[in-house]
Every structure is written in C-alpha cells, then in structure tokens.
Amino acid sequence: EIEKFNHPAAGVSVVDAPDVIGMAESVMVALRQKPRSGIAVGLEMVKRGEASAFVSAGNTGAGMAAALMILDRLPGVLRPALAFVIPGFKGVGLLLDVGANPDCKPQNLVQFARMGSLYMEHMYKMSRPRVGLLSNGEEEEKGNRLVREAHKLLKTSGLNFVGNVEGKDLLRGLADVVVTDGFTGNVVLKLGEGIAETLMASVKLAVESNIPALATAFIWSPPLLDVYKGYDFRKHGGVPLLGVNGHVI
C-alpha cells in the first residue's frame, strides 16, 4: 500500500494492531475488550518512547480516554482539552475546549486558558496571548453561571484576560485564546465547518450560473485558492489534546 504512493517503504515501520474500535462503540467497554486497537497500541508506543506522537482519525472519545489511561495527565492538570486553531483574516487564534469536556467547572476554563496561552506562546511565538471567554455578550455580567464565575477567576488569574467575546468575534482576532466548555466549543466547531463548506459551494454555484466561461479560471485563481485553503477545515482537522503526558493529535 505504501509503495502505491511512491513512498520508500523502508522508511516506515508497521506495527500490528488488529482490533478496531468503532465510532459508535461504548468507549470504556471497547478499550477493555480491544487492547490491540490502533489507538491503544499507538499510545503505548508513545509511552514507551517508541513514537514521538500519536495521531488518530478514529473515535475521538476512545482516543481521549485511552490517552488518559495510558499516558496520564500532566502534573496539576484537572482535565485535558482539545484545542482548535481558528483561521482568521488577522491571523490565527485558539479555541478550547472543542469536545473533550461537555460539562465544566469555572476552574477548568481557567486551566484551559493557561494551557492555551502556553500553546500559543510556544507554537506561534506570541508574547502574553490575549485570552477571551466565549459568552453571549461582551458585558461582564452576561453569560450563564459557568461563564460569570469563570470571568471572575480569569480576571485575577494573571493571564492577559481581555474579557468576554461573542461568537461573531471568533474570526475577528479580538483574542488569541478563547475558552469555553466542550459542548459549546464542539457546536461552534461543527457550525464553522458547515458555514465554510456552504459558502464555498455557494460562490462556485453563483459564478458558474452567471459567467460559466470564466467560472473555472475565477474559482481556481490563486487569490481565491488562498482564501479557500485558509478556511478549509480539512487543513486544520488535527487538534492537539492539551494536558496529557505525551503528544496526541
């Protein structure tokens, strides 16, 4: 299979992992009953130092649970978080959590903000990244109980907290790190994917319907290709699981 892609097979090590964890399976049951799944085998390799990182396109819940069981948390981390790089016309930002923790406590959001800030400092060379809290209004008193209590903690956290940000501000570059609970973050992520796909398809359809002769040249012109690539979720599909003792994507 590797040779079909003109890649030197000698440079790749293949490790047998015959078990498969399905997308709809009970995570904990599957991990116990399928110890030789790709997820378990790959994470064990990271733990033993045989691999530098583990990347999976499989069951997200199983990947997170196995990472906690096999690699454990970093010291002091209450809950790991999935962090998504947000493309924007003013640069990139980071949204977390986008699915690891549907239910959160205020201190979890503060810790997400710390992990996200460190990530942006090291990966994007940002000095004191601006931290925003996702809410339904920019005013301090807006939001549900979780948001209001997290706001108070973030104000005294020592982080570069810039206050609440609304959904419309995620792509405007008002904050470098935006924190929320995993349920809300996952909804935002999926909505963004759908909007990007729909917008690109609508542009293509509109051009083809009105100026078919120029459609191909216009749609695939370098400037538009750059725009497409920037907002194509497939280009940003891998998200790091921050807070575990190993590199997991």
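Just so we're clear, the structure is a prediction, and the values are computed from it rather than from any experiment.

### A few points about the overall build of the protein
Logical step 1: Within the protein, the regular secondary structure consists of eight helices and eight strands.
Logical step 2: Every one of the 249 residues in the protein was classed for burial, and the buried ones make up 39%.
Logical step 3: Partitioning the contacts of the protein with sequence separation of at least 6, the portion at a separation of at least 24 is 66%.

### Some thoughts on the packing of helix α4 (residues 106–123) against helix α5 (residues 145–155)
A pair of packed helices can be characterised by two numbers: the angle between their axes and the separation between those axes.
Logical step 1: The contact between α4 and α5 brings their axes to 8 Å, and the two run at 50 degrees. As far as their axial angle goes, α5 and α4 are oblique. Two packed elements cross with a definite hand, and for α4 against α5 that hand is right-handed. Contacts between α4 and α5 involve Pro106, Gln107, Leu109, Val110 and Ala113 on the former and, on the latter, Leu146, Glu149, Ala150, Leu153 and Leu154.

### Remarks on the nonpolar core
Logical step 1: Among the nonpolar cores identified, the biggest contains 30 residues, and Leu43, Val178, Leu241 and Val248 are the most heavily contacted of them.
Logical step 2: Elements that contribute at least two residues to this core include exactly α1 (27–33), α2 (38–47), α3 (60–70) and β2 (81–88).
Logical step 3: No other element matches the six residues that α3 contributes to this core.
Logical step 4: Residue contacts for Leu43: discarding those within four places in its chain leaves Phe54, Gly63, Ala66, Ala67, Ile70, Leu71 and Val248.
Logical step 5: Membership of the second largest hydrophobic core comes to 25 residues, among which are Leu96, Phe112, Leu154 and Val179.

### What about the pattern of salt bridges?
Logical step 1: Under the definition given, this model contains ten salt bridges.
Logical step 2: For Asp176, the salt bridge is made with Arg130, and the minimal N-O distance between the two is 3.0 Å. Residue Asp176 is found in the loop between β5 (160–165) and β6 (177–179), and its partner Arg130 is found in strand β4 (residues 130–134); the two are separated by 46 residues along the sequence.

### So, the sheet that holds β2
Logical step 1: The strand order β5-β4-β6-β3-β2-β7 describes an open sheet built from six strands, whose pairing is mixed. The outermost strands of the open sheet, each flanked by one partner alone, are β5 and β7 (241–242).
Logical step 2: As paired strands, β4 and β5 are joined by five bridges and run parallel to one another. Following the sheet pairing, Arg130 is matched in β5 by Asn160.

### Regarding the environment of Ala113
Logical step 1: With respect to the helices, strands and loops of the structure, Ala113 is situated in helix α4.
Logical step 2: Judged by relative accessible area, which is 0%, Ala113 ranks as buried.
Logical step 3: Sequence spacing of Ala113 and Arg130 is 17 residues, and the spatial spacing of their C-alpha atoms is 9.6 Å.
Logical step 4: Once residues within four sequence positions are removed from consideration, Ala113 is found in contact with Val131, Leu154, Leu159, Val177 and Val179.

What counts as what
- Residues numbered from 1 in each chain as written.
- Predicted model: local features only at pLDDT ≥ 70, side-chain atom pairs only at ≥ 80, totals over all residues.
- Heavy atoms only, no water.
- Helix = DSSP H or I, 4+ residues; strand = E, 2+ residues; numbered from the N terminus.
- Buried < 20%, exposed > 50% of the residue type's maximum accessible area, 1.4 Å probe, protein only.
- Contact = heavy atoms within 4.5 Å.
- Axes fitted to C-alpha atoms, helices over the stretch in contact; angles between N-to-C directions.
- Parallel < 35°, antiparallel > 145°, perpendicular 65-115°, else oblique.
- Left-handed = near helix turned anticlockwise from the far one by under 90°.
- Core = buried A, V, L, I, M, F, W, Y, C linked by side-chain atoms within 4.5 Å.
- Salt bridge = Lys/Arg side-chain N within 4 Å of Asp/Glu carboxyl O.
- Pairing = 2+ DSSP bridges.

As far as function goes, none of this settles anything; it's purely spatial.
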